[in-house]
There are 2 protein chains.
Amino acid sequence: MRHFVIVSHTGAADGSWSLDDLCGAAGRVDVLCRALNSAFFLSHGIRDDVVVDLVFTDPQRPTTVRFTGAANRLNPDERSLASRIQKALRARGEDPWFDPSETGIDVAPFGLDGLALDPARLVLLDPEGEPLESADLPEDPVFLLSDHQPFTKEEYAALAAATRVSLGPHWYHGNHVVSCVHWVLDRRLQTP
Amino acid sequence: MRHFVIVSHTGAADGSWSLDDLCGAAGRVDVLCRALNSAFFLSHGIRDDVVVDLVFTDPQRPTTVRFTGAANRLNPDERSLASRIQKALRARGEDPWFDPSETGIDVAPFGLDGLALDPARLVLLDPEGEPLESADLPEDPVFLLSDHQPFTKEEYAALAAATRVSLGPHWYHGNHVVSCVHWVLDRRLQTP
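Below is a summary of the structure that appears in this document. No experiment lies behind these values; they were computed from the predicted model shown. (Residues numbered from 1 in each chain as written. Chains lettered and ligands numbered in written order. Predicted model: local features only at pLDDT ≥ 70, side-chain atom pairs only at ≥ 80, totals over all residues. Heavy atoms only, no water.)

**Re unusual backbone geometry**
All names here are of chain A. Threshold: Strands here mean DSSP runs of E at least two residues long; helices mean DSSP runs of H or I at least four residues long; both are numbered from the N terminus. Between buried and exposed lies partly exposed: a residue is buried under 20% and exposed over 50% of the maximum accessible area for its type, with that area taken using a 1.4 Å probe on protein chains only.
One non-glycine residue with positive phi stands out, namely Arg28, at about 65°. Topologically, Arg28 is positioned in the loop between strand S1 (2-8) and helix H1 (29-40). When its relative accessible area of 19% is taken as the criterion, Arg28 is described as buried. Of note, the phi angle at Asp140 is positive, near 50°, even though the residue is not glycine. Given the relative accessible area of 32%, Asp140 is considered partly exposed.

Structure, rendered in structure tokens:
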């Protein structure tokens, strides 16, 4: 299982935005859509062994939207992925893991705290970390990525136990990181 | 210089489509937008050393739209990238390399033939090729990628001289390939 957690610092968690304005009123939901695209799509199918949590940190309405590999009616483009996110955000209630459309897209009324991620599985990108290609990774890793804004000090503190891995000195967009992580992990599976 | 050529077999080369329907009437222009995103964007800037040619093979209106690193007013989302493609397609005339908005996005009235790519620089993805990580690549490589449809027999024949490199047995989306290629080439530059 490969698990990606994408933290959105600006996303409008009430879903009250237009699909024509993902970069503006939606608060950069386009960034989340591209991460979903990289996490799930192969040329001829959907990766089954993937979970993605989109964490909206809005303090008035902390919300997590969870996509699993079972959500196999996804389309790869930003607009249609945003529509699925929006539907889940609008259906958010007070109970966790409600699946409004019954397609493997669940919503919960909490952020990182409520996810209670296993510290031993956490992986963070860090230029000072071990190179991704050779790093000793936890089984079933949980890769944590931020949107276009860096993690806050509080978030970093909460993730202090994470394994640190490096892609080198460049800072890459989250969706590019997800593509490279998948490819490196695919390569490992191909090497006996 | 890193050069990517993305061949669109279904793109509507007259630009007569809505930005709300990139996957439908536009003929999967969303695929091209994601390739542009992966080709140009770093977290805090645009890659200057990149050229991307989007080749529309429509036999009635073969067209190439060329983005260079100088096109530095790009936004990373599909909708705004599609808008830039559309503007260039609509401005296509009979003369090559017309830049309608004077922002480093040029259009030409020909497809792969007219590009006259140097065979010694061509690189194709091929599961039987050398692993990308260790392959002997040409200087200033030109990576050729197809959209959601494979290259035609005629296209493959025209690209027969290309160096073949492999990302492994999976078939990845073009934008994921571009992300991995950039990262591998970045890594090579970091290793003395």
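**Focus: the side chain of Arg34 of chain B**
Using the following cut-off: Any N or O atom pair separated by 3.5 Å or less is treated as a polar contact, with the protein-specific requirement of one donor-capable and one acceptor-capable atom, and with residues adjacent in sequence counted only for side-chain atom pairs. Only heavy atoms matter for contacts: two residues are in contact if any of them lie within 4.5 Å across the pair.
Secondary-structure assignment places Arg34 of chain B in helix H1 (residues 29-40). Overall, the relative accessible area of 3% leaves Arg34 of chain B in the buried class. A distance of 3.0 Å separates the side chain of Arg34 of chain B from the side chain of Glu78 of chain B, its partner in a polar contact. Discounting chain neighbours no more than four positions away, the residues touching Arg34 of chain B are Asn37, Pro76 and Asp77 of chain A together with Arg28, Glu78 and Asn175 of chain B.

**As for the packing of aromatic side chains**
Let me state the cut-off plainly: Stacked, tilted and edge-to-face are the three classes assigned to paired rings of Phe, Tyr and Trp, where Trp is represented by its six-membered ring and a pair needs centres within 6.5 Å; plane angles under 30 degrees give stacked, over 60 edge-to-face, the rest tilted. Lysine and arginine charges are scored as sitting over a ring when NZ or CZ, respectively, is within 6 Å of the ring centre and within 35 degrees of the ring normal.
In the structure shown here, the tally under the stated rule is seven aromatic pairs over all chains. Centre to centre, the rings of Phe4 of chain A and Phe143 of chain A are 5.6 Å apart; their planes meet at 25°, and the pair counts as stacked. One end of the pair, Phe4 of chain A, is in strand S1; the other, Phe143 of chain A, is in strand S8 (residues 142-146), with 139 residues separating them in the sequence. Seen in terms of ring centroids, Phe151 of chain A and Tyr156 of chain A are 5.5 Å apart; in terms of plane orientation they differ by 70°. Their pairing is edge-to-face. Just above the ring of Trp97 of chain B sits the side chain of Arg66 of chain B; from NZ or CZ to the centre is 4.2 Å.

**Topic: the pairing of strand S7 (residues 122-131) of chain A**
In plain terms, the rule: In this analysis, strands are considered paired if DSSP registers two or more bridges between them.
Two strands pair when backbone bridges link them, and S7 of chain A and S8 of chain A are joined in this way by three bridges, in the parallel orientation. Its bridge partner being in S8 of chain A, Leu124 of chain A is matched across the sheet by Leu144 of chain A.

**Quick word on the pattern of salt bridges**
Residues and elements named next belong to chain A. Defined as follows: The term salt bridge refers to a pairing of a side-chain nitrogen on Lys or Arg with a carboxyl oxygen on Asp or Glu at a separation within 4 Å.
Applying the stated criterion to the full structure yields 22 salt bridges over all chains. Linking Asp186 and Arg47 is a salt bridge whose minimum nitrogen-to-oxygen distance equals 2.9 Å. Of this pair, Asp186 sits in helix H5 (residues 174-190) while Arg47 sits in the loop between strand S3 (45-46) and strand S4 (50-56), and the two are 139 residues apart along the sequence. There is no split in this pair, since Asp186 and Arg47 are both buried. We note a salt bridge from Asp53 to Arg66, for which the minimum N-O separation is 2.7 Å. Taken together, the residues span a long stretch of sequence, with Asp53 in strand S4 and Arg66 in strand S5 (residues 63-68) at a distance of 13 residues. On the basis of relative accessibility, which here comes to 21%, the residue Arg66 falls in the partly exposed class.

**Examining the sheet that holds strand S6 (residues 105-108) of chain A**
Residue and element names in this part refer to chain A. Note the threshold: Angles here are taken between N-to-C directions and fall from 0 to 180 degrees, while the axes themselves are lines fitted to C-alpha atoms, restricted in helices to the stretch in contact.
Spatially, seven strands are ordered S6-S5-S4-S1-S8-S7-S9 in an open sheet, and the strand pairing comes out mixed. In this open sheet, the two edge strands, each paired with only one partner strand, are S6 and strand S9 (163-166). For this sheet the average axis-to-axis angle between neighbouring strands, irrespective of direction, equals 35°. Running over the sheet, H1 touches S1, S4 and S5 and is turned about 170° from S4.

**Re the side chain of Ser8 of chain B**
Residues and elements named next belong to chain B. With respect to the helices, strands and loops of the structure, Ser8 is situated in strand S1 (residues 2-8). The class for Ser8 is buried, based on a relative accessible area of 1%. Here Gly11 takes part through its backbone nitrogen, which lies 2.9 Å from a polar atom of the side chain of Ser8. Setting aside residues up to four positions removed in sequence, Ser8 forms contacts with Gly27, Leu32, Val55, Phe56, Thr57 and Asp147.

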